[in-house]
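# Breakdown of the fold
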Amino acid sequence: MCATCGCGPTSHHEHDHGHSHENNQKTGRNIVDVEQDILQENNLLAARNRGFFEGRNILAINLVSSPGSGKTSLLERTLTDLKTELTFAVIEGDQQTANDADRIHATGTKVTQINTGKGCHLDAHMVLHAMQGMKLQADSILFIENVGNLVCPAMFDLGEQERAVVISVTEGDDKPLKYPDMFHSSTLCIINKTDLLPYVKFDVEKAKEYAKKVNPSLEIIELSCTSGEGMQQWYQWLKSKVLTPA
Ligand SMILES: Nc1nc2c(ncn2[C@@H]2O[C@H](COP(=O)(O)OP(=O)(O)O)[C@@H](O)[C@H]2O)c(=O)[nH]1
Ligand SMILES: [Mg+2]
């Protein structure tokens, strides 16, 4: 159950405990109202974050995926390979632990960990709060690694310019159809762990077709953080998004 967006209680109550129809209707209505309020407030703060990023020419990229797709691995390799060319900072989101922040810190990159407790996503306020203690440099890239979850983070704009959804070949090629909101709201889809393709049933062309069906303008990059295959294409994409300072 998510303590902040209220995505849990609806389905639990409706399916597990057999509440009366009237009660279900009432519960459903209340939850929709609360969600609208939360999202409206979030959008205002996201606009504030976006203004901050634009004013300092910071490219903010929200990394979303299910747990274990390889977000932190992608960051570790990227930060290590490009640290002499670009300036980076990272905000790490997880329910518990500072494990990912430790992994990022080991690359020499400035990082702040947000623990959401029972929350299943980052929101714009958490990002604003984290940024206030970070002294972000102008003309830099800020990666925001979201909590591993293909559902709720889709609803929460953080003020980012780009949203990259990472899927790995061990998760099944139908994820874009099952979680369309996430793929619809993303600008880039990274298909990770291509080194494992010989061992798993994952049709790359089908995955791409499904992703494009949900979002025709979605860009797609296949890569492996382990073997390094495809990483250059990701670096090119990243550099193409960095705006030259005026
Ligand atoms: N074989 C393979 N394993 C990977 C790759 N990228 C990440 N992993 C592994 O997947 C697991 C989860 O990775 P992590 O970066 O922590 O995922 P996150 O939860 O999305 O941040 C770790 O055991 C990684 O070593 C890859 O390209 N190939
Ligand atoms: Mg991680």
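Everything in this summary refers to the structure shown in the same document.

### Section: the sheet that holds strand 2 (residues 88-94)
- One open sheet accounts for seven strands, arranged 3-2-4-1-5-6-7; its pairing is parallel. Edge strands, defined here as strands with exactly one partner in the open sheet, are strand 3 (110-115) and strand 7 (219-222). Ignoring which end each strand starts from, the neighbouring axes of this sheet average 20° apart.
- Here strand 1 (residues 59-65) runs beside strand 5 (residues 162-168); their pairing, made up of five bridges, is parallel. The residue of strand 5 that forms the bridge with I61 is E162.
- On the sheet, helix 9 (residues 231-241) packs against strand 1, strand 5, strand 6 (188-192) and strand 7 and is oriented at approximately 145° with respect to strand 7.

### Focus: the site of ligand 1
- For ligand 1, the set of nearby residues contains 16 residues, the closest of which are G70, K71, T72, S73 and T226.
- Among the residues making up the shell around ligand 1, the classes are represented as three nonpolar, ten polar and three charged.

### So, the environment of G93
- For G93, the position within the fold is in strand 2.
- C-beta crowding within 10 Å serves as the criterion here: with 30 such atoms nearby, G93 is assigned to the buried category.
- The spacing of G93 and L63 is 30 residues in sequence and 10.0 Å in space, taken between C-alpha atoms.
- The residues touching G93, leaving out its near neighbours within four places in the chain, are I114, T116, L122, E145, N146 and V147.

Definitions and limits used
- Residues numbered from 1 in each chain as written.
- Chains lettered and ligands numbered in written order.
- Predicted model: local features only at pLDDT ≥ 70, side-chain atom pairs only at ≥ 80, totals over all residues.
- Pairing = 2+ DSSP bridges.
- Helix = DSSP H or I, 4+ residues; strand = E, 2+ residues; numbered from the N terminus.
- Axes fitted to C-alpha atoms, helices over the stretch in contact; angles between N-to-C directions.
- Contact = placed C-beta atoms within 7 Å.
- Near = placed C-beta within 6 Å.
- Nonpolar A, V, L, I, M, F, W, Y, C, P; charged D, E, K, R; others polar.
- Buried ≥ 20, exposed ≤ 12 C-beta atoms within 10 Å, placed from the backbone.

Remember, this is a structural readout, not a statement about activity or role.
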